[in-house]
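# Observations on the model geometry
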Amino acid sequence: MQLQSEKIGSVLVVKPFDRRMDASVAVDFKEKMASLINEGHDLVVLDMEGVDFIDSSGLGAIVSSLKTIGRKGDLVISGLQQTVMSMFKLTRMDRVFRIFQNRDEAVAALSG
Amino acid sequence: MTERENAKSIKLILDSNLEDVFLVGLAIRGICSYAPLGEVVAYQVEVCIVEAVNNAIKHAYGGEAGHEVEIGIAIQMDRIVFEVCDTGAGAIPLEARKMPFDPEDLESIPEGGMGLQIIHDVMDEVSYVKTDLGNALRMSKHFDSGRYARPGKPS
C-alpha cells in the first residue's frame, strides 16, 4: 500500500493512495505507519478522503498505529466518507479516534 | 410465481487469495445496487461478505492460495441472501465475540476479531453449517419488498 506523507509544522499528514483498506493491505499499512512513527512522528493525521472501503482488518491496522504512538502523541482521522464512517460507528471506533471533517481541521487540532 | 422462482441468483468462485477479495466486494456492490438497501447499508453488506470470504481464506484454508471460495447470491422479493462456502479442513470462527472496551484504555481496544461481530450486527439472519465438504456461512439482509423493482421489469 502506498502512503503519501507531508509534514505540516509538527504534524505528519498521511494519505493512503489505495481506495480500499482491507485484509490484503492491512499488514503493509501497519508496517509503513510503524516505520513513520518510529522516525519520531508522534502527531499524525490519517487523511482518509480517498478511501471508499474499509473492513475490520483495515480498522485493526489503524488501531495498531494508534497503539504504536501510545500516550506520547496522537493519531486523528480526517475526510471519512459516510460509508466508511458507518464502519467506525458500528465498531465504536468513532469513540476511540478524534475524527475531523477535513485535513486542515485535523492539523489545526493537533497543532493547538 | 413462487418466491423461489422469482429469485435472481448468481454464483461467484474466487481463488483463496486475499488480494483478489476486492473483486467480490465490487461484484456485491453492483448487485446490491439493485436492492433497495440504501448506500450505507449496501456498503455494510459488502463489508460482511468480504469479512466472510476473508475468514474462509484465513481459517478454512490457513491463508493458502489455490483453493476455491464460492459465494452464492440470491435476490428475493424481500431480502438478499448470501452463502459463502469453502472446502477447507479448518473451522471458521462461529461465535461473534462481544468486545467491550474502554476507548480511554489503549490496550483494551481490539485490533482483530471484529469481522464476525460486524456480520451479526449488519445482517438480519446468520447461520452456519459445517459439513464433510467444508463450511457454509449463510447470511441474509431484508428490505422493503414494496421498494424492490426487478431489473428489466417495468415498475
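Before reading on, note that the structure itself is shown above.
Residues numbered from 1 in each chain as written. Chains lettered and ligands numbered in written order. Predicted model: local features only at pLDDT ≥ 70, side-chain atom pairs only at ≥ 80, totals over all residues. Heavy atoms only, no water.

## Some words on the overall build of chain B
Condition: Helical segments are the DSSP runs of H or I of at least four residues, strand segments are the runs of E of at least two, and each set is numbered from the N terminus. Only protein chains enter the accessibility calculation, which uses a 1.4 Å probe; a residue is then buried when its area is under 20% of its type maximum, exposed when over 50%, and partly exposed in between. Residue contacts follow a heavy-atom distance rule, with two residues in contact if any of their heavy atoms lie within 4.5 Å. What sets the accessible areas is the Shrake-Rupley method with a 1.4 Å probe; for residues, cover comes only from the shown protein chains.
Along the backbone of chain B there are 4 helices and 5 strands. Reading the secondary structure of chain B in the N-to-C direction produces α-β-α-α-β-β-α-β-β. For chain B, buried positions account for 45% of its 155 residues. Considering only contacts within chain B whose residues lie at least 6 apart along the sequence, 66% involve residues at least 24 apart. As displayed, chain B offers around 8000 Å² of accessible surface, 50% of which is attributable to carbon and sulfur atoms.

## With respect to the nonpolar core
To keep it simple, the criterion reads: Buried residues of nine kinds, namely Ala, Val, Leu, Ile, Met, Phe, Trp, Tyr and Cys, make up a nonpolar core once their side-chain atoms join them within 4.5 Å.
Ranked by internal contacts, the top residues of the largest apolar core, which has 73 residues, are M48(A), I62(A) and F88(A). For this core, the element with the most residues is helix α3 (residues 39–60) of chain B, which contributes 12 residues. Ranked by size, the runner-up nonpolar core spans 8 residues in total, among them V13(A), F100(A), A106(A) and V107(A).

## Observations regarding the environment of D132(B)
Here D132(B) is to be found in the loop between β4 (125–130) and β5 (135–142). A C-alpha to C-alpha distance of 21 Å links D132(B) and N54(B), two positions 78 residues apart in sequence.

## Focus on the state of the cysteines
Residue and element names in this part refer to chain B. Using the following cut-off: Criterion for a disulfide: a pair of cysteine sulfur atoms at a distance within 2.5 Å.
A full pass over the atoms with the stated rule returns 0 disulfides over all chains. As a non-bridged cysteine, C32 has C48 as the owner of its nearest cysteine sulfur, 9.8 Å distant. Residue classification places C32 among the buried positions, given a relative accessible area of 2%. For C48, a relative accessible area of 0% puts it in the buried group.

## Notes on the interface of chain A and chain B
Worth spelling out the cut-off: Summed over both partners, the accessible area lost on bringing two parts together, with a 1.4 Å probe, is the buried area. Throughout this description, the term salt bridge denotes a Lys or Arg side-chain nitrogen within 4 Å of a carboxyl oxygen of Asp or Glu. Side-chain atoms alone can form a polar contact between residues adjacent in sequence; in general such a contact is a pair of N or O atoms within 3.5 Å, and within protein one must be able to donate a hydrogen while the other accepts it. Classification used: nonpolar for Ala, Val, Leu, Ile, Met, Phe, Trp, Tyr, Cys and Pro, charged for Asp, Glu, Lys and Arg, polar for all others including Gly.
Contact with chain A, which involves 29 residues of that partner, is made by 31 residues of chain B. Both faces considered, chain A and chain B share a buried interface measuring about 2600 Å² in area, 61% of it formed by carbon and sulfur atoms. Inspection of the chain A/chain B interface yields 3 salt bridges. Between K67(A) and E111(B) there is a salt bridge whose closest N-O contact spans 3.3 Å. Where chain A touches chain B, the interface holds 9 residue pairs in polar contact (both at pLDDT 80 or more). Elements with a contribution of two residues or more to the side of chain A that touches chain B: β5 (53–54), α2 (56–69) and α3 (82–90) of chain A. When its residues are assigned to classes, the side of chain A that touches chain B shows 11 nonpolar, 10 polar and 8 charged.

## Some points on a negative patch on the surface
Using the following cut-off: Two joining distances apply to patches: 9 Å for like charges and 5 Å for nonpolar side chains (Val, Leu, Ile, Met, Phe, Trp, Tyr), and every residue must have over 30% relative accessible area and no salt bridge. In this charge count, Lys and Arg are treated as positive and Asp and Glu as negative; neither His nor the chain ends contribute. In this description, the location of a charge corresponds to atom NZ of lysine, CZ of arginine, CG of aspartate or CD of glutamate.
On the surface, a cluster of negative charge is contributed by D102(B), E104(B), D105(B) and E107(B). According to the relative accessible area criterion, E107(B) is exposed, its value standing at 61%.

## A few points about helix α4 (residues 103–111) of chain A
Residue and element names in this part refer to chain A. Put simply, the rule reads: Directions drawn from the helix axis to the C-beta atoms are what define this arc.
Those residues of α4 that sit buried are A106, V107 and L110. When α4 is viewed along its axis, its buried side chains cluster within an angular range of 100° and face the same direction. Against β1 (3–8), β2 (11–16), β4 (43–47), β6 (74–78) and β7 (99–100) lie the buried residues of α4. Measuring from the backbone nitrogen of D104 back to the side-chain oxygen at the start of α4 gives 3.2 Å, which picks out N102 as the cap.

## Quick look at the layout of surface pockets
Put simply, the rule reads: A pocket, in this scheme, is an open set of points on a 1 Å grid over the protein atoms alone with protein on both sides within 12 Å along at least 5 of 7 lines, while a cavity is a set where a 1.4 Å probe fits but cannot get out; residues line either one if an atom lies within 4 Å of a point. Grid points are joined across faces, edges and corners, and a volume is the space filled by probe spheres set on the points.
What the largest pocket holds in volume is close to 360 Å³. Looking at the largest pocket, it is lined by 21 residues, and the ones nearest its centre are S56(A), K58(B), G112(B), G113(B) and M114(B). Only α1 (26–38) and α2 of chain A together with α3 and α4 (115–122) of chain B provide two or more residues apiece to the lining of the largest pocket. When residues of the lining of the largest pocket are assigned to their parent elements, the largest contribution, 5 residues, is made by α3(B).

## Observations regarding the pattern of salt bridges
Per the counting criterion, the structure on display carries 15 salt bridges over all chains. Notably, a salt bridge pairs E49(A) with K15(A), separated by 3.4 Å at the nearest N-O pair. Taken together, the residues span a long stretch of sequence, with E49(A) in the loop between β4 and β5 and K15(A) in strand β2 at a distance of 34 residues. A relative accessible area of 48% places E49(A) in the partly exposed class. Here R79(B) ties to E125(B) by a salt bridge, and the two come within 3.7 Å at their closest N and O atoms. With R79(B) in strand β3 (residues 79–86) and E125(B) in strand β4, the pair connects residues that are 46 residues apart, well separated along the chain. One network of salt bridges, in which partners are shared, links R19(A), R20(A), D22(A), D52(A), R29(B) and E46(B).

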